[in-house]
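Residue-level listing of the chains:
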Amino acid sequence: MSAFKTLATVMLKELAEIFRDRKIIINGLLLSPLLFPILILGMGALAENRAKTQLESELKLPIIGADIAPNLVAFLATQNITAEAAPEDPDALIRTQEKDVILRIAPDFAEDWRASRAATVEIVHDSSRQDSQIPVRRVERALQSYSRQAGAIRLIARGIDPSLGTAVSVTYRDLATPEARRGMLLAFLPYLLILTAFLGGAYLVMDATAGERERQSLEPLLATPAGRGAIMSGKIAAACAFGMIGLLLTLLSFKLSFAFVDSGPFKGVDVSMLAVGKLLLVLLPMVLIGTTLLTLISASVKTLKEAQSYMAFLMLLPILPTIILLVNPVKNALWMFATPFLAQNQLILMVLRQETITAQQWGVYLAAGFGLGALLWLVAARLYHREQLAISA
Amino acid sequence: MIELTDLHKQFKTKTGPVAAVSGVGFTARDGAITGLLGPNGAGKTTTLRMLYTLMKPDKGSVRVDGRDAYAEAEAVRRSLGVLPDARGVYKRLTARENITYFGRLHGMDEAAIRRNTDRLVDALQMADFIDRRTEGFSQGQRTKTAIARALVHDPKNVILDEPTNGLDVMTTRGLREFLLRLKGEGRCVILSSHIMQEVGALCDHIVVIAKGRVTAQGSPDELRAQTGESNLEDAFVKAIGSEEGLQA
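Being a predicted model, the structure only gives us computed values, none of them experimental. (Residues numbered from 1 in each chain as written. Chains lettered and ligands numbered in written order. Predicted model: local features only at pLDDT ≥ 70, side-chain atom pairs only at ≥ 80, totals over all residues.)

> So what's going on with the overall build of chain B? Which residues, and what values?
From N to C terminus, chain B includes nine helices and 10 strands. For chain B, the C-alpha atoms occupy an extent of roughly 50 × 40 × 40 Å along the three principal directions. Out of the 248 residues in chain B, the part that is buried amounts to 47%. Residue pairs in contact within chain B that sit at least 24 positions apart in sequence constitute 68% of those at least 6 positions apart. (Helix = DSSP H or I, 4+ residues; strand = E, 2+ residues; numbered from the N terminus. Buried ≥ 20, exposed ≤ 12 C-beta atoms within 10 Å, placed from the backbone. Contact = placed C-beta atoms within 7 Å.)

> Please set out the nonpolar core residue by residue, giving values where relevant.
Across soluble globular proteins, nonpolar side chains show a tendency to be buried alongside one another. Within the largest apolar cluster, 130 residues are counted, with the highest numbers of intra-cluster contacts made by Ile159(B) and Val208(B). The element that contributes the greatest number of residues to this core is helix H12 (residues 273-300) of chain A, accounting for 12 residues. Setting aside residues up to four positions removed in sequence, Ile159(B) forms contacts with Leu48(B), Leu51(B), Tyr52(B), Leu80(B), Gly81(B), Val82(B), Leu83(B) and Ile190(B). Grouped together as the second largest cluster of nonpolar side chains are 13 residues, Leu76(A), Ile81(A), Val101(A) and Val139(A) included. (Core = buried A, V, L, I, M, F, W, Y, C linked by C-beta atoms within 7 Å.)

> Residue-level account of the sheet that holds strand E2 (residues 16-28) of chain B, with values.
Residues and elements named next belong to chain B. Read across the open sheet, the four strands follow the order E2-E1-E4-E5; overall the sheet is antiparallel. Edge positions in the open sheet fall to E2 and strand E5 (67-68), since each of these has one partner strand only. Bridge count for strand E1 (residues 2-13) against E2 is 10 bridges, and the pairing is antiparallel. Considered in E2, the bridge of Thr13 is made with Gly16. Strands E1, E2 and strand E4 (59-64) of the sheet are contacted by helix H1 (residues 44-51), whose axis makes an angle of about 115° with E1. (Pairing = 2+ DSSP bridges. Axes fitted to C-alpha atoms, helices over the stretch in contact; angles between N-to-C directions.)

> Give a description of the interface of chain B and chain A that names residues and reports values.
The interface of chain B with chain A comprises 25 residues on the first partner and 20 residues on the second. The set of elements that each furnish at least two residues to the side of chain B that touches chain A consists of helix H2 (73-78), helix H3 (95-105) and helix H5 (139-151) of chain B. In terms of residue count, the dominant contributor to the side of chain B that touches chain A is H3(B) (four residues). Tallied by class, residues from the side of chain B that touches chain A come to 14 nonpolar, three polar and eight charged. (Nonpolar A, V, L, I, M, F, W, Y, C, P; charged D, E, K, R; others polar.)

> Requested: an account of the environment of Glu185(B), with residues and values cited.
Residues and elements named next belong to chain B. Mapped onto the fold, Glu185 is located in the loop between helix H6 (169-184) and strand E8 (188-193). Classification of Glu185 by C-beta neighbours within 10 Å gives partly exposed; the count is 13. Each C-alpha atom, one on Glu185 and one on Ala32, is 9.7 Å from the other, the two residues being 153 residues apart in sequence.

> Tell me what's going on with the environment of Leu12(A), and back it up with residues and numbers.
All names here are of chain A. Along the chain, the position of Leu12 falls in helix H1 (residues 3-18). Note on Leu12: 15 C-beta atoms within 10 Å, which makes it partly exposed. Between the C-alpha atom of Leu12 and that of Ala237, which follows or precedes it by 225 residues, the distance is 9.4 Å.

> Talk me through unusual backbone geometry; I want residue IDs and the actual numbers.
Notably, Ser116(A) is not glycine yet its phi reads approximately 60°, a positive angle. Checked against the element boundaries, Ser116(A) lands in the loop between helix H5 (109-114) and strand E4 (121-124). One non-glycine residue, Lys211(B), lies in positive phi territory at about 50°. For Lys211(B), the location among the structural elements is in the loop between strand E9 (205-210) and strand E10 (213-218).

Encoded structure:
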């Protein structure tokens, strides 16, 4: 019998088996397409909501020594920052996170002010707290703007042009496309997609080798005349098909949920069918790498449980490039397209930012991705030919 | 016809190498049932695994219908129907689908698979559960499914590792009749067992294995003559050297 027929027979049987297990279909195929949009849209809405309330609403600022600088307090009020009574122990309030930011006006503020010396104010805050960043920045900006105004008035009063103090005027021209700016917000998306591609077929592929061995059905299967390489390839093909179906559903649910957003950072993101197609092509080698790697692992362990113990480690792999890029951002270079996980990360971002991927980049990427998949396949096939594989217990 | 010559197999374990089989040889004729009798751990399963090409002997040879089991492993597997010690059937598939899957792996066309399945369903009395999923099957139903799966391609040689293990009396009786039918069809049947009565009642040629070696072999009459015991069970016990691990 031809190897291809064996492959097709095994693939069909594995798919028939898994599609009869309702729970696995719900967990493996439907849960993530339902969960990711909620995550994305929910996160977008939350971020927008927080930024809006913290930026625009009234900021209540406890001020120590408010009576020393009534003009400053009045200016802050025009910036929608209202003074609150001074607390007894400001440091304790910041430490217990009861207050985000407290302003202390130095006792000699009035004296320094009148003498035209730099008068001291102190912002008490905790820089490690994410949620106090916006209020702290607002207070900072308001104080700087008050300082600039008063400084300019002083210079004018002495007959000096305030612009003399500014030797270089810096302006910015941001060339980021709206798509690219949104791409920054979508930085976590590659991880989710790569993870789905990498481990989407994990259950099926581990069950088809380690599980079958544990349930003692591998020995009769390998005693048939069907070639072991073809049997293994059929199992890999079934897991790849399952993984690709899961990915397609996830991508379609992304597309749909972006279409329904009417506010927030994701408003107007258009995931075209072309982009969905490109993303599937980007993730196809990842699906192959994931399933062949898991087959290799499953063929080398004794039980399903042992195979599953690798999952925690494998789930961390796709996040590595994201972490490395966070610490050490690098420009796109050709070698990156040959590095697993990093390549997918960059390509997904490029597709989402609607940047052009050159034929050379595609070529390097697909050759490296499928090449690694083929290499893992060869190693897995070697393990599949070991005598111990068929022997359970 | 299956010929085993001086098979040796050794396993590496943490405490050092263990010889599972050290010098097993016998010939199984067509149209006869050859029984491997021995206590648990005597090396029966390892011998059978070498016979159905899943393990490579360290020394010795296996010939099936004149073909070397290693030089022509695929052709040999095609001519064997194997019920391994591991009976695992696919729980989410029906009994018929389990059988069909193996038929396809043997390269059979759908019509032939259906024809042979119907024949086996009849012979093994599987009609009332053939289209049920095997999840929740009794031991007997699982064994019957595994046997039908092993024989769907109508093999000339049939290898069964402890076929009656865990079965009730009625199912065992039915299975024995089925084995005699296979013999009547001119097939070469090899089975292993640790049950003396079963081997005595069923087999034309008995190979007694203990500690990886053949300690006696021949027809029931020959065994009685060899050991000088008039009772076959006493002959077995004498051939093995102890009663341990055997069942009357």
